[in-house]
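Survey of secondary and tertiary structure
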Amino acid sequence: MKVLKDKIFRTVATFLAACGVSTYFTACYGMPVNFDTSTDFKFHVVGDANGDGAKTNLGGIEISSSVAMEKSHTRADGKALLSTQYSGPNISFEIKDVDGPENGSFKTKTYTLPDGFCLDDTIEIELEPGTDEN
C-alpha cells in the first residue's frame, strides 16, 4: 500500500512540477508567437461559356499570385480559396483557364485588389470568352 501511495505522490508531484515549469516559461518569455501570417482570399469565377449571355460558374480555372506559395483551382461551383503570405495593398492575381475547352475557353485576366478591400469579401471575377491568342 505504501508503494502505491508513493507512486501516486510521485505522479502528482511530477505533474505539478511540469505545470510549474510551463507557467514559469510563460511568465518569463510570454506566449509563443504565431508566425502564420497567411491571408486567405476567396474567389468566385463566372463566365459565359456557350455565348447565350448567361453567366455560369467556372471550374478548372487557375488562380495564382506572386505572393502566394501555391496556385489554386476553382471547383465546379466556381469557388476557390488562395492563401498568400502578404495582405497589403496592390496584390495582383492571375486568373487563367487551364482546363482547355472542357468548360469553355476564356481569356486570362489579371485582377488587382482595390483600395479598402475587406478580407471577408469574396472576389467576384467574370472572364471573357476566347483564348489568349486572339
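Residues numbered from 1 in each chain as written. Predicted model: local features only at pLDDT ≥ 70, side-chain atom pairs only at ≥ 80, totals over all residues. Heavy atoms only, no water.

This paragraph deals with the pattern of salt bridges. Counted by the stated rule, this structure contains three salt bridges. Salt-bridge contacts for Glu 126 lead to Lys 55; the nearest nitrogen and oxygen are separated by 3.1 Å. A residue pair is termed long-range when its members are at least 10 positions apart, and Glu 126 in strand S8 (residues 122-127) and Lys 55 in the loop between strand S1 (39-47) and strand S2 (56-57) qualify at 71 residues. The class of Lys 55 is partly exposed, set by a relative accessible area of 45%. Across the salt bridge formed by Glu 62 and Lys 71, the nearest N and O atoms sit 3.9 Å from each other. A relative accessible area of 53% places Lys 71 in the exposed class. (Salt bridge = Lys/Arg side-chain N within 4 Å of Asp/Glu carboxyl O. Helix = DSSP H or I, 4+ residues; strand = E, 2+ residues; numbered from the N terminus. Buried < 20%, exposed > 50% of the residue type's maximum accessible area, 1.4 Å probe, protein only.)

Formed by 18 residues in total, the largest nonpolar core has its most connected members in Phe 93 and Ile 95. Secondary structure elements with two or more residues in this core: S1, strand S3 (61-64), strand S5 (79-84), strand S6 (92-97) and S8. Residues in contact with Phe 93, not counting those within four places in the same chain, are Phe 41, Phe 43, Ile 63, Ser 64, Ser 65, Leu 82, Thr 84, Lys 109, Thr 110, Tyr 111, Leu 113 and Ile 123. (Core = buried A, V, L, I, M, F, W, Y, C linked by side-chain atoms within 4.5 Å. Contact = heavy atoms within 4.5 Å.)

With that settled, consider the packing of aromatic side chains. For the structure on display, the rule yields three aromatic pairs. Aromatic side chains Phe 41 and Phe 93 sit 5.2 Å apart centroid to centroid with 65° between the ring planes, which places their arrangement in the edge-to-face category. Of this pair, Phe 41 sits in strand S1 while Phe 93 sits in strand S6, and the two are 52 residues apart along the sequence. Just as Phe 41 is buried, Phe 93 falls in that class too. Here the aromatic cluster, defined as three or more aromatic residues joined through ring pairs, consists of Phe 41, Phe 43, Phe 93 and Phe 117. (Phe/Tyr/Trp six-rings, centres within 6.5 Å; stacked < 30°, edge-to-face > 60°.)

Read from one edge to the other, the open sheet built from four strands follows the order S4-S3-S6-S7, with strand pairing classed as antiparallel. Lying at the two open borders of the sheet, with one neighbouring strand each, are strand S4 (72-73) and strand S7 (109-112). Pairing of S6 with S7, which is carried by four bridges, proceeds in the antiparallel orientation. By the bridge assignment for S7, Ile 95 is matched with Lys 109. (Pairing = 2+ DSSP bridges.)

With that settled, consider the pairing of S5. Residues of S5 alternate between two faces, with Ala 80, Leu 82 and Thr 84 buried on one and Lys 79, Leu 81 and Ser 83 left unburied on the opposite face. Pairing of S1 with S5 involves six bridges; the strand directions are antiparallel. By the bridge assignment for S5, His 44 is matched with Lys 79.

Together, Leu 4, Ile 8 and Val 12 make up an exposed nonpolar region whose accessible area comes to about 270 Å². The residue Ile 8 is located in helix H1 (residues 2-29) in this model. (Patch = residues over 30% accessible without salt bridge, like charges linked within 9 Å, V, L, I, M, F, W, Y side chains within 5 Å. Areas by Shrake-Rupley, 256 points an atom, 1.4 Å probe, with all protein chains shown as cover.)

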